[in-house]
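# Summary of the model geometry
Below are the chains, spelled out letter by letter.
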Amino acid sequence: MTDGGSGDYTISNNAVISGNTLLLFTGSGNYTVPAGVTRIGRNAFAYSQIKELTIPASVTEIGEGAFANSTLNKVTILGNISTIPEYAFYKTQLTSVALPTGVTYVGDYAFAETPLSSFSFAPANKAEFGNSVFENCKELAQIALDSNITKMGSKTFAGCVTLQTATLPALE
């Protein structure tokens, strides 16, 4: 494991932290990211047994696949995060999520293959969605996206077989 060169790690409550980056979580149950952490590393919670997570206002960046394939079923994001990266919540157990209004990009497969039942998002500024963001969300029945969303990639709703109500913006 590398930390980018500083060599200083803190291990506390099943989390490995280097500087201001949470690199790895190996615990289970509920967890609150410590204040002062500004970045959640790539795959930091992937495959973990996390259930509920609180991300504090200090966090400004989430790494690709940070929560992928984990048992995460509830997340509270208090941080000033502008990007939800590729595969961030892929194959988690999230049934709902509230994104901060400062998010301007939701990456490919960010919520794919989750049991989300509804999703709404009204960003404060223009925002874009990558490809396959909700692919195979078989429980997704309702979605409402604000007019500030200016681009949606291909296959955004592929495999969303129970989608009944969709309020979508007019795209360019």
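Residues numbered from 1 in each chain as written. Predicted model: local features only at pLDDT ≥ 70, side-chain atom pairs only at ≥ 80, totals over all residues. Heavy atoms only, no water.

### Description of the state of the cysteines
Tallying each qualifying case throughout the model produces 0 disulfides. Counting only cysteine sulfurs, Cys160 is the nearest neighbor of Cys137, a cysteine outside any disulfide, at a range of 5.2 Å. Residue classification places Cys137 among the buried positions, given a relative accessible area of 0%. (Disulfide = S-S within 2.5 Å. Buried < 20%, exposed > 50% of the residue type's maximum accessible area, 1.4 Å probe, protein only.)

### Quick look at the nonpolar core
Membership of the largest hydrophobic core comes to 45 residues, with the highest contact counts inside it found for Phe45, Phe111, Phe119 and Phe134. Elements with a contribution of two residues or more to this core: strand 2 (15-18), strand 3 (21-25), strand 6 (49-55), strand 8 (74-77), strand 11 (118-121), strand 12 (127-129), strand 13 (142-145) and strand 14 (149-152). For this core, the leading source of residues is strand 6, giving 3 residues. Beyond its immediate sequence surroundings of up to four residues, Phe119 is in contact with Val97, Leu99, Phe111, Phe129, Phe134, Leu140, Gln142, Ile143, Ala144 and Leu145. (Core = buried A, V, L, I, M, F, W, Y, C linked by side-chain atoms within 4.5 Å. Helix = DSSP H or I, 4+ residues; strand = E, 2+ residues; numbered from the N terminus. Contact = heavy atoms within 4.5 Å.)

### Digging into the environment of Asn73
Mapped onto the fold, Asn73 is located in the loop between strand 7 (61-62) and strand 8. The class of Asn73 is partly exposed, set by a relative accessible area of 32%. In the structure, Asn73 is positioned 21 residues away from Leu94 in sequence and 4.2 Å away in space, judged by C-alpha atoms. If near-sequence neighbours (up to four positions away) are discounted, Asn73 is found in contact with Lys51, Glu52, Gln93, Leu94 and Thr95.

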